[in-house]
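# Summary of the model geometry
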Amino acid sequence: MSRILVADDEAGLREFITDSLELDEHQVVAAKDGKEAAKLLDERGFDLLLTDLKMPGLDGMSLLRKMRAEQPEVEVIVMTAHGSVDNAVEAMKLGAFEFLQKPLSGPDELRLLVQRALEHRGLKDRVDATERDDRAERPTSGPPLTYGDPAMAPVVEAIDKVARTNATVLLLGESGTGKEVAARTIHAKSPRATKPFMAINCAALSETLLESELFGHEKGAFTGATERKRGRLELSDGGTFFLDEVGELKPELQAKLLRVLQEKRFERVGGSRTLEVDVRWIAATNRDLRAMIDEGTFREDLYHRLAVFPIKLPPLRDRKEDIIPLAKLLLDRAARDLKRSVPKLSPSAEKRIANSTWRGNVRELANTLERAAILADGDVIDDSHIWVEEGTAPRAGGAPSASGTEVRPLAELEKEAILHALEVVSGNRRRAAELLGIGERTLYDRLKKYGVDGND
């Protein structure tokens, strides 16, 4: 069902257009003039605007300019009883899809033109989605959701069933288990597949930037806000919104997110106008949200809104049969990225890979194979090219337990683990956080706590 806004100051024509388009099961909203149409466009999401050019107050050409500046993805058909070549040319230059002469010859011409405009809108959405996928970082988008191990069978079955619904999904699992891949798979198999898939990492941005990215902001809302910005939530209207690392959300943003989930409404930062949005929600976390509820750091009401349909993704160590097939798939991808021929895994390399614990799961496996593809000069990767972090050796200095086994302070162990992770990834904080299974913001907090400069 497409959402169409009709703007015309003639009540009879508005009714005729509305009735004609509702025959094709479109959702039609009518506005009596340009000002009312502009208000509706700011408050709701539409696929198509059908507007008269000559209206009191804000005319159709001004409305078209506003649309092209603020919502360029919406198709526009302009109508006028005062048609001229000049008007047609100007409207088409401003990005109108088509120019329609009044009086209308009948409903068939109108319905056919609307169908063409909506098909064009759908084509643009698919092209935009392809471009977004092409620009996406490979480690983030990950390999396709393939499996052979029985441990993944219930996961794939759950994804297939919930994808057909509009239910909110909560993806649980360790860092690197493929939660975003699962989210994209749900979207691709859903009725919203042709609409946008928007993802945001709640741990990657400061609270202020995250709020602006989610909800958008008005001009002058804060220093540097030189113009209005539509947030990712608004841009994903009709599609799927993926909240990665939702456990990192601060309490104030948790409250605002809860309101959107309950009412499907929000305001841009610095704005007073309430906007409506229709999205399918998928959230993911590697944290224990129930424990966070007990600690008072995560809202219980938000948890129940998100956990309508929870899916737990097993760690790679519990999917032994998937490790080698995944390794070959990831090695092929790494070779293409490195622009080299695809090397083969020697039996010794396969044995090393299959027997490793992969604490960083698929993401760690992908990094290991990319490094191996760089190290291997020939067409074969052997076990000498496979470097796997299997843990750190104990250090002296802790207190002995009653049994004589060394017991070291938890803070010391945590600091050592953080420093070691940063060393392994050459100071890359995002990758260090992934290896540790925590959010980037948590890592920053720990570095500050221990007085450590992550670049040292």
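Residues numbered from 1 in each chain as written. Predicted model: local features only at pLDDT ≥ 70, side-chain atom pairs only at ≥ 80, totals over all residues. Heavy atoms only, no water.

Read across the sheet, 5 strands follow the order β2-β1-β3-β4-β5 without closing on themselves; strand pairing throughout is parallel. The open sheet has two edge strands with one neighbour each: β2 (27–31) and β5 (98–101). Ignoring strand direction, the axes of neighbouring strands in this sheet form an average angle of 20 degrees. Across 5 bridges, strand β1 (residues 3–7) lies against β2 in parallel orientation. Looking at β2, one finds that V6 is bridged to A30. Seen against the sheet, helix α2 (residues 34–43) touches β1, β2 and β3 (48–52) and runs at an angle of roughly 140 degrees to β2. Strand contacts of helix α3 (residues 60–70): β1, β3 and β4 (75–80), with the helix running at about 160 degrees to β3, the strand carrying the most contacts. (Pairing = 2+ DSSP bridges. Helix = DSSP H or I, 4+ residues; strand = E, 2+ residues; numbered from the N terminus. Axes fitted to C-alpha atoms, helices over the stretch in contact; angles between N-to-C directions. Contact = heavy atoms within 4.5 Å.)

Across all of its chains, the model carries 25 salt bridges by this definition. In this structure, D160 and K189 form a salt bridge, with 2.4 Å as the shortest nitrogen-oxygen distance. One end of the pair, D160, is in helix α7 (residues 153–163); the other, K189, is in the loop between α8 (179–188) and β7 (197–201), and 29 residues separate them in sequence. Two residues, E218 and R268, come together in a salt bridge whose shortest N-O distance is 2.9 Å. Here E218 is found in the loop between β8 (216–217) and β9 (229–230), whereas its partner R268 is found in the loop between β11 (265–267) and β12 (274–276), with 50 residues between them in sequence. Taking the relative accessible area as the measure of exposure, R268 reaches 5% and is therefore buried. (Salt bridge = Lys/Arg side-chain N within 4 Å of Asp/Glu carboxyl O. Buried < 20%, exposed > 50% of the residue type's maximum accessible area, 1.4 Å probe, protein only.)

A separate point is the pairing of β4. Among the 6 residues that make up β4, 6 are buried, leaving the element largely enclosed by the rest of the structure. Side-chain alternation along β4 places E75, I77 and M79 on one buried face and V76, V78 and T80 on a second face that is also buried. When β3 meets β4, the two strands line up parallel, connected through 5 bridges. Counted as the bridge partner of D52 is M79 from β4. Chirality of the crossover, the property in question, places the unit of β3, α3 and β4 among those that are right-handed. Pairing analysis gives 4 bridges linking β4 to β5, with the strands arranged parallel. By the bridge assignment, I77 is partnered in β5 with E98. (Right-handed = clockwise from strand over helix to strand, strands pointing away.)

Taken together, the side chains of D288, D294, E295 and E300 present a region of like negative charge at the surface. As for its position among the elements, D294 is in helix α12 (residues 289–295). Residue D294 is classed as exposed on the basis of its relative accessible area of 70%. (Patch = residues over 30% accessible without salt bridge, like charges linked within 9 Å, V, L, I, M, F, W, Y side chains within 5 Å. Areas by Shrake-Rupley, 256 points an atom, 1.4 Å probe, with all protein chains shown as cover. Lys, Arg positive; Asp, Glu negative; His and termini not counted. Charge placed at Lys NZ, Arg CZ, Asp CG, Glu CD.)

Looking now at empty space enclosed by the protein. For the structure shown, the criterion picks out 1 cavity of 30 Å³ or more. Roughly 50 Å³ of internal volume is contained in the largest cavity. What lines the largest cavity is G360, R363, E364, N367, V425, R431, E434 and L435. At the level of secondary structure, the elements contributing two or more residues to the lining of the largest cavity comprise α16 (361–375) and α18 (429–436). Here the residues of the lining of the largest cavity sort into 2 nonpolar, 2 polar and 4 charged. (1 Å grid on protein atoms, 1.4 Å probe; cavity = no way out; pocket = protein on both sides within 12 Å on 5 of 7 lines; lining within 4 Å. Points joined across faces, edges and corners; volume = space filled by probe spheres on them. Nonpolar A, V, L, I, M, F, W, Y, C, P; charged D, E, K, R; others polar.)

Within the element layout of this structure, T368 appears in helix α16. With a relative accessible area of 2%, T368 lands in the buried category. Once you skip the residues sitting within four places of it in the chain, T368 turns out to touch W358, I386, W387 and V388.

Another point: the nonpolar core. L233, F241, L243, V246, L257, W281 and F298 are the most contacted members of the largest nonpolar core, which totals 31 residues. Only β7, α9 (207–215), β10 (240–244), α11 (251–263), β13 (280–285), α12 and α13 (300–306) provide two or more residues apiece to this core. With 5 residues, α11 is the single largest residue contributor to this core. In this structure L257 touches L243, V246, L249, W281 and L302, once residues within four positions along its chain are discounted. Counting 22 residues, the second largest nonpolar core, distinct from the first, contains L40, L53, M67 and F99. (Core = buried A, V, L, I, M, F, W, Y, C linked by side-chain atoms within 4.5 Å.)

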